[in-house]
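Spelled out, the chains give:
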Amino acid sequence: MNLDIHLQGAWHACAVVEPTTQDPSIRGAVRIRYEADYAIEHLLARDYRALTVRAPVDLGVRQGAHWPSFLVDLLPQGAARRRIERDAPTALSPWELLERGALNPVGNLRVHPMQPRPILAGHPGFDLHEMIERGDVFVDYALSLGAATAGATDTQGDAPKFWIVEDEHGKWHPDNGALTFGPRRHALLKFPVPEAGVQAETILRHEAVYQRVAQRCGLRVTDALPTFHAGALLIPRFDRRVVHGREIRLGVESLYSVTGVIDSSASALRHDQVLVALAQHVTDFRSEFCEYVRRDLFNLALGNRDNHGRNAALLKDVNGTIALAPVYDFGPAYLDGRAIARVIRWDGEEPGGGNWARVCERLDIRFEEAGLQPPSSWFAAAAAQTLAQLRTLPDLMRECGADQDVVQRRRPDIERLASALAALGG
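A quick note: this is a predicted structure, and the numbers were derived from the prediction, not measured.

It is the rolling of a water-molecule-sized probe over the atoms that shows where space remains empty. Across all of its chains, the model carries four cavities of 30 Å³ or more by this definition. A volume near 260 Å³ is recorded for the largest cavity. Together, 20 residues line the largest cavity, and Arg 295, Asn 299, Asn 307, Asn 311 and Ala 312 are the ones closest to its centre. Tallying contributions element by element places helix 10 (residues 285-302) first for the lining of the largest cavity, with four residues. As a volume, the second largest cavity reaches approximately 150 Å³. In terms of lining, the second largest cavity is formed by 14 residues, of which the most central are Gln 211, Ile 235, Val 327, Tyr 328 and Asp 329. Counting residues per element, the ones that place at least two in the lining of the second largest cavity are strand 8 (185-190), helix 7 (200-216) and strand 10 (232-236).

What follows is the structure, encoded as structure tokens:
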């Protein structure tokens with residue numbers, strides 16, 4: 001299977017990955033190598049030019065006992081996967097899913113298409129309200145182009161989602177990666193998850209609210225925030241830019257990929273493991289450490305239990321920097337009827353987020369075992385900054401448009417967390 005990478009506004013042949021056993025699952029052994037010409041041009045790069053931060057560009061051949069974790073990032077999941085499987089005449093192996101569902105994923109990697117993608121044939125485009133209110137017309141057209149989200153990182157969940165682009169006339173089009181015009185901006189159109197139950201639309205609407213809260217609290221967000229429109233969320237993409245009419249794609253890599261997790265259902269990832277991995281790859285680790293800790297504290301305060309390793313990622317910019325991507329999939333997951341559980345926890349964490357002194361103590365131990373500077377003082381500084389904001393968080397939530405019921409239901413956990421963080425400082 002050939003992999004392409006998008007650099008300087010165009011796709012380039014990058015690498016070849018192939019199975020070396022008869023096992024078609026993600027646990028089957030593989031061989032992977034960079035294309036020789038590409039490797040010579042970008043030798044030793046480990047930023048946006050590499051397949052993953054875990055495999056810098058070189059001329060070697062890597063033999064793996066299972067799939068590399070970055071490849072699992074590209075596999076379609078949730079509603080997108082079900083669409084692909086439903087349209088297939090027979091059951092699909094992970095390799096076949098990858099071939100069909102990783103042609104236009106998040107980031108700057110793709111599986112090289114074996115056939116040309118359908119192109120926009122002079123369609124005038126849609127107004128935003130048309131995409132939402134005339135759902136069947138837009139959905140059918142988007143599916144015919146293969147523009148349903150089908151791979152990677154920030155589109156892994158079960159919500160119906162579609163890549164869309166705005167043209168110079170303000171009309172929106174499905175984005176299947178084969179545009180014939182220079183887009184003005186890229187976005188994700190996300191609808192409520194039916195399986196979430198009666199609160200599905202409330203959860204989606206509060207993603208926009210929570211993004212405003214995150215911005216006011218100084219967390220990293222996109223330049224333009226998501227907006228909620230009559231039952232759908234319009235989310236600006238952080239992995240796409242338009243420069244002088246040319247599309248620029250940034251590299252994106254989930255926390256599962258960064259930490260080498262290939263089967264999240266069988267691997268219990270902890271925050272200390274993530275942070276040790278980030279220390280090896282990000283450009284400014286102290287800044288990213290603080291950002292990471294504060295995000296998780298706000299997850300606890302605001303009830304965003306859905307904190308698995310594909311709901312956060314590294315963004316690999318074309319300027320060479322590597323940092324946490326802006327916050328995404330940040331909402332009141334505690335309202336979800338599927339009883340979503342908090343996935344990534346701190347070593348020593350108590351239910352509700354107590355005993356932070358023990359968390360810091362164990363974090364220092366894990367860092368020392370990895371040969372890194374103990375970070376408890378950094379943790380304390382991040383906690384102190386967050387504590388000051390927690391004391392007025394309910395008021396801020398109201399200012400940002402949160403429902404009164406959501407504010408009241410979060411207040412006890414906010415106060416409990418604030419007390420626990422205050423004890424850490426005292």
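On the surface, a cluster of nonpolar side chains totalling about 440 Å² of accessible area is made up of Ile 40, Leu 43, Leu 44 and Leu 59. Relative to the helices and strands, Leu 43 is located in the loop between helix 1 (36-41) and strand 4 (61-64).

Let's shift gears to the packing of helix 10 against helix 14 (residues 404-425). Where helix 10 contacts helix 14, the axes come no closer than 7 Å and their chain directions differ by 140 degrees. Taken together, the axes of helix 10 and helix 14 lie oblique to each other. Only Arg 410, Asp 413, Ile 414, Leu 417 and Leu 421 of helix 14 make contact with helix 10, whose side of the interface consists of Leu 297, Leu 300, Ala 301 and Leu 302. When grouped by side-chain class, the residues that make up the contact of helix 10 with helix 14 number seven nonpolar, no polar and two charged.

Another aspect to go through is helix 9 (residues 271-281). Within helix 9, eight of the 11 residues are buried, leaving the element largely enclosed by the surrounding structure. Regarding helix 9, the residues found buried are His 271, Asp 272, Val 274, Leu 275, Val 276, Ala 277, Leu 278 and His 281. Tucked inside the fold, the buried residues of helix 9 contact helix 8 (255-259), helix 10, strand 14 (313-316), strand 15 (322-324) and helix 11 (356-369).

To continue, consider the environment of Arg 100. For Arg 100, the position within the fold is in helix 4 (residues 94-101). C-alpha separation for the pair Arg 100 and Arg 81, spaced 19 residues apart in sequence, amounts to 9.8 Å. Setting aside residues up to four positions removed in sequence, Arg 100 forms contacts with Ile 84, Ala 88 and Leu 92.

Residue placement: Glu 349 occurs in the loop between strand 15 and helix 11. Relative accessible area serves as the criterion here: at 15%, Glu 349 is assigned to the buried category. At 2.9 Å, the side chain of Glu 349 and the side chain of Arg 342 are in polar contact. Within polar-contact distance, the side chain of Glu 349 engages the side chain of Arg 345 at 3.4 Å.

Quick look at the state of the cysteines now. According to the stated counting rule, one finds zero disulfides in the structure shown. Cys 217 provides the cysteine sulfur closest to Cys 290, a residue in no disulfide bond, and the two sulfurs are 13 Å apart.

Let us now look at the sheet that holds strand 4. As summarised here, the arrangement of the five strands in space is 4-3-2-1-5, forming an open sheet in which the pairing is antiparallel. Either end of the sheet is taken by a strand with one partner, and the two such strands are strand 4 and strand 5 (109-111). Each strand axis lies, on average, 25 degrees off the axis of its neighbour in the sheet, ignoring direction. With respect to the sheet, helix 4 is in contact with strand 2 (10-19), strand 3 (30-34) and strand 5, its orientation differing from that of strand 2 by roughly 175 degrees.

Further remarks concern the pairing of strand 11 (residues 240-243). Taken together, the four bridges between strand 11 and strand 12 (residues 246-249) define a ladder with antiparallel strand orientation. Along strand 12, the bridge assignment pairs Arg 240 with Arg 249.

Bringing the sheet that holds strand 8 into the picture now. Taken in spatial order, the five strands of this open sheet run 7-6-8-10-9, and their pairing is antiparallel. Looking along the sheet, the strands with just one partner apiece sit at the ends: strand 7 (172-174) and strand 9 (227-229). For this sheet the average axis-to-axis angle between neighbouring strands, irrespective of direction, equals 35 degrees. The pairing of strand 9 with strand 10 spans three bridges and is antiparallel.

Another aspect to go through is the pairing of strand 13 (residues 251-254). Remark: a regular strand shows side chains that alternate across the two faces of the sheet. Where burial is concerned, the two faces of strand 13 agree: the one with Gly 251 and Glu 253 and the one with Val 252 and Ser 254 are both buried. In terms of strand pairing, strand 13 meets strand 14 through four bridges, oriented antiparallel. By the bridge assignment, Glu 253 is partnered in strand 14 with Leu 314.

What follows is about unusual backbone geometry. Backbone geometry places Gln 8, a non-glycine residue, at a positive phi of 50 degrees. Relative to the assigned elements, Gln 8 resides in the loop between strand 1 (2-7) and strand 2. Residue classification places Gln 8 among the exposed residues on the basis of a relative accessible area of 69%. A positive phi is found at Leu 44, a non-glycine position, where the angle reads about 75 degrees. Structurally, Leu 44 is set in the loop between helix 1 and strand 4.

In the structure shown here, the tally under the stated rule is 13 aromatic pairs. Ring centres 6.4 Å apart and planes at 85 degrees place the aromatic pair Tyr 292 and Trp 346 in the edge-to-face group. Of this pair, Tyr 292 sits in helix 10 while Trp 346 sits in the loop between strand 15 and helix 11, placing them 54 residues apart in sequence. Side by side, Tyr 292 and Trp 346 carry an identical accessibility label, which is buried. Members of the aromatic cluster, connected to one another through ring pairs, are Phe 285, Phe 289, Phe 367 and Trp 378. A cation sits over an aromatic face here: Arg 110 above Trp 11, 4.2 Å from the ring centre. Geometry around Tyr 334 places Arg 410 over its ring, the cationic atom sitting 4.6 Å from the centre.

Reading the values: the criteria
- Residues numbered from 1 in each chain as written.
- Predicted model: local features only at pLDDT ≥ 70, side-chain atom pairs only at ≥ 80, totals over all residues.
- Heavy atoms only, no water.
- 1 Å grid on protein atoms, 1.4 Å probe; cavity = no way out; pocket = protein on both sides within 12 Å on 5 of 7 lines; lining within 4 Å.
- Points joined across faces, edges and corners; volume = space filled by probe spheres on them.
- Helix = DSSP H or I, 4+ residues; strand = E, 2+ residues; numbered from the N terminus.
- Patch = residues over 30% accessible without salt bridge, like charges linked within 9 Å, V, L, I, M, F, W, Y side chains within 5 Å.
- Areas by Shrake-Rupley, 256 points an atom, 1.4 Å probe, with all protein chains shown as cover.
- Salt bridge = Lys/Arg side-chain N within 4 Å of Asp/Glu carboxyl O.
- Axes fitted to C-alpha atoms, helices over the stretch in contact; angles between N-to-C directions.
- Parallel < 35°, antiparallel > 145°, perpendicular 65-115°, else oblique.
- Contact = heavy atoms within 4.5 Å.
- Nonpolar A, V, L, I, M, F, W, Y, C, P; charged D, E, K, R; others polar.
- Buried < 20%, exposed > 50% of the residue type's maximum accessible area, 1.4 Å probe, protein only.
- Polar contact = N/O pair within 3.5 Å; in protein donor to acceptor, adjacent residues only side chain to side chain.
- Disulfide = S-S within 2.5 Å.
- Pairing = 2+ DSSP bridges.
- Phe/Tyr/Trp six-rings, centres within 6.5 Å; stacked < 30°, edge-to-face > 60°.
- Lys NZ or Arg CZ within 6 Å of the ring centre and 35° of its normal.

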